[in-house]
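Residues per chain are reported as follows:
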Number of protein chains: 2
Amino acid sequence: MQFSETHFVGVDVGGTKVAAGLVDSGGRITRQTRTPMVATDAVAGLAAVTSAIEAVYSAADLSPQLKSSISGIGVCAPGPLNPQTGVVINPPNLPCWRNFPLAAEIAKVYRLPVRVDNDGNAAALAEALWGAGRGYRSVFYATIGTGIGSGIIFDGRIYHGRTGAAAEGGHMSIDYRGPRCGCGKLGCIEALASGPAIARRASEQIAAGRPSSILQHAGGQVDGISSEIVGQAYRAGDPLAKEVLQETAMYLTVWLGNIVDLLEPDVMILGGGAASLLQPFFEEIRDLLPRWCVNSRCQDIPLLAAHYGADAGIAGGAALCLEVTATE
Amino acid sequence: MQFSETHFVGVDVGGTKVAAGLVDSGGRITRQTRTPMVATDAVAGLAAVTSAIEAVYSAADLSPQLKSSISGIGVCAPGPLNPQTGVVINPPNLPCWRNFPLAAEIAKVYRLPVRVDNDGNAAALAEALWGAGRGYRSVFYATIGTGIGSGIIFDGRIYHGRTGAAAEGGHMSIDYRGPRCGCGKLGCIEALASGPAIARRASEQIAAGRPSSILQHAGGQVDGISSEIVGQAYRAGDPLAKEVLQETAMYLTVWLGNIVDLLEPDVMILGGGAASLLQPFFEEIRDLLPRWCVNSRCQDIPLLAAHYGADAGIAGGAALCLEVTATE
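The shown structure was predicted, so the numbers you read here are calculated from the model rather than taken from an experiment.

Re the overall build of chain A
Working step 1: Within chain A one finds 12 helices and 12 strands.
Working step 2: In terms of overall size, chain A behaves like a compact globule, its C-alpha atoms giving a radius of gyration of 20 Å where 328 residues would be expected to give roughly 20 Å.
Working step 3: Relative to its 328 residues, chain A shows a buried fraction of 54%.
Working step 4: When contacts within chain A are restricted to residue pairs at least 6 apart in sequence, those whose partners lie at least 24 apart make up 64%.

Below you can see the structure in the form of structure tokens.
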């Protein structure tokens, strides 16, 4: 390992845990740690973050040279937040922080440049710099899991919009008469194609009497049906599971067709747990896209699986440090 | 008038007519001409365009100084086209041109820089430089007429996407089970809120027996119902006309909510004939927006009526000449 190389600490702050890791300038992650998020108050929340960073610094095999090669800290935090100032505004799932200057507080402790952004934006940047989006000028990235987050990268920079609240692609509605999303809107792609939406649609069919092995995979409990269970049943050849995933792929096609018609990015990248389940349907999405897109060259836009998995937040945090050095 | 000032010729090429005008560097249009578009073959199509430009040059009151102050020609042409090379690819409503180097052919005649782009992009740039979008860094513009075109401007430059086919906002679907659009997709905002869509929805209600004065305004002919007729009936107090326009405003709100959630622009501008009809409902769209947008500050984004009307194509063409001088 070359110690002249720069390293970054990437931190992923969630509602229940903090993950941190050391990331080199090629996007390789080493020395990952995961600690619980303690969010009783603002100070405890900050202490949970700094102790995760501390755990990376104090890794037994971290030489002084490697330590001194760390040139920045980047943090994925729950929004809404101000990416310019690093202030966390009022995250619903981390109520301990209200207008909390997270970047400034961490910078005080480590005397390093600190960047803060939301997970969709940060993970999109990591994919653009080091992952599936490498070499493409404009990248649309979405992570399909419990929710659907997204990020837009133009020329190595995050597209933030007016106040940093852009790229909420998961809350674009493709059905104004559709199911209600957690956000209050109707027919958001998150309400149709996220992990919980996949599980809900399968459960509804089963509750309506559709025979399927999904229920056995869930131990006989309708409540036990998750998108992972649907995926298991699909791999075991269950027709209903296939139908539910195919329908999900159709919803994603409508949505991606809209994205292409508005943004015509150079590449589209899907990450997150539910996206892995849906990977067998990527070809189908590509085939179906021209029906849901006026762009006659839409099929020339690659649809790729994300490079980073559960560690996307750590990579994303680290990527934010490299955005700092980009030219305006 | 200062003759040291630069002027541009803006040209708007449609399927049936060519409009051209002289535009000063403040976006003021003088000496407009309108001539028929002759599109029997590529050469005749080009001749129709150059004769429209010629008509501007030969305006009786155009002094030699003013003529020599013309520093560029910009053309709005039907897409698909390549805005980088000025080649018109294969426009459905101008089949005379197939991979036709429109910019290069005009430049040969006038020995001036020539820019070509589609009307949505060009009109968006004119609004951003000189119209309702002046002073805003990011502008989302849409023109609601026979179709719905759009344009996105970031820092005075048109956002083109991968091949120049981005900003087809009119073909974003908000209802994947909705009415079929001319483009083939279902539930495009164009199929729900364009002028013909407004007329169609009113006609359907009347055909179903809904009493309304719309029919009288249309001379008793269901076929005679247009969005303008619906607008007339609304202004005369017709309840069905009001309902149809209100429903249109709701569709536009869903769509603009999606635009804000993805792009969070600094300003949104609506132009075109049907947008004028809908101006009494702009306040309603603003009030309804938070229901269709996760962005908590969506109401801080101004929703404005376009500055340019039927002359948006001429202004847009001229604006393209100023984009040339922008820094990359």
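Here we look at the relation of the copies chain A and chain B
Working step 1: When chain A is brought onto chain B, the operation consists of a screw motion whose angular component is 180° and whose axial shift is 0.0 Å, with 0.0 Å RMSD remaining. The two molecules are tied by a two-fold rotation axis, judged by turn and shift.
Working step 2: The overlap is high: 100% of the interface residues of chain A also sit at the interface in chain B, so the same surface is used on both sides.

Regarding the confidence of the model for chain A
Working step 1: Residues of chain A with pLDDT of at least 70 account for 97%, and the chain-wide mean is 95.
Working step 2: The complex model carries a pTM of 0.95, and its ipTM stands at 0.95.

Some thoughts on the domain arrangement of chain A
Residues and elements named next belong to chain A.
Working step 1: If you check the domain split of chain A, you get domain 1 (7-118 + 311-324) and domain 2 (134-305).
Working step 2: Each of domain 1 and domain 2 was reduced to a C-alpha centroid, and the two centroids are 28 Å apart.
Working step 3: Each side of the interface is counted separately: domain 1 has 8 residues, and domain 2 has 7 residues.
Working step 4: Residue classes in the side of domain 1 that touches domain 2 are distributed as 4 nonpolar, 2 polar and 2 charged.

Side note on the interface of chain A and chain B
Working step 1: Listed as interface residues are 35 residues of chain A and, on the opposing side, 35 residues of chain B.
Working step 2: Of the residues assigned to the side of chain A that touches chain B, the class counts are 15 nonpolar, 10 polar and 10 charged.

Remarks on helix H3 (residues 102-110) of chain B
Residue and element names in this part refer to chain B.
Working step 1: Regarding H3, the residues found buried are Leu102, Ala103 and Ile106. Seen along its axis, H3 keeps its buried residues to an arc of 95°; they face one direction.
Working step 2: Along its buried surface, H3 packs onto helix H1 (42-57), strand E4 (70-76), strand E6 (87-88) and strand E7 (114-117).
Working step 3: Just downstream of H3 lies arginine 111, where phi reads positive at about 50°.

What counts, and at which threshold
Residues numbered from 1 in each chain as written. Chains lettered and ligands numbered in written order. Predicted model: local features only at pLDDT ≥ 70, side-chain atom pairs only at ≥ 80, totals over all residues. Helix = DSSP H or I, 4+ residues; strand = E, 2+ residues; numbered from the N terminus. Rg over C-alpha atoms; globule rule 2.2 N^0.38 Å. Buried ≥ 20, exposed ≤ 12 C-beta atoms within 10 Å, placed from the backbone. Contact = placed C-beta atoms within 7 Å. Least-squares fit on C-alpha atoms with pLDDT ≥ 70 in both. pLDDT = per-residue confidence, 0-100. Domains from an automatic or database assignment. Nonpolar A, V, L, I, M, F, W, Y, C, P; charged D, E, K, R; others polar. Arc of directions from axis to C-beta.

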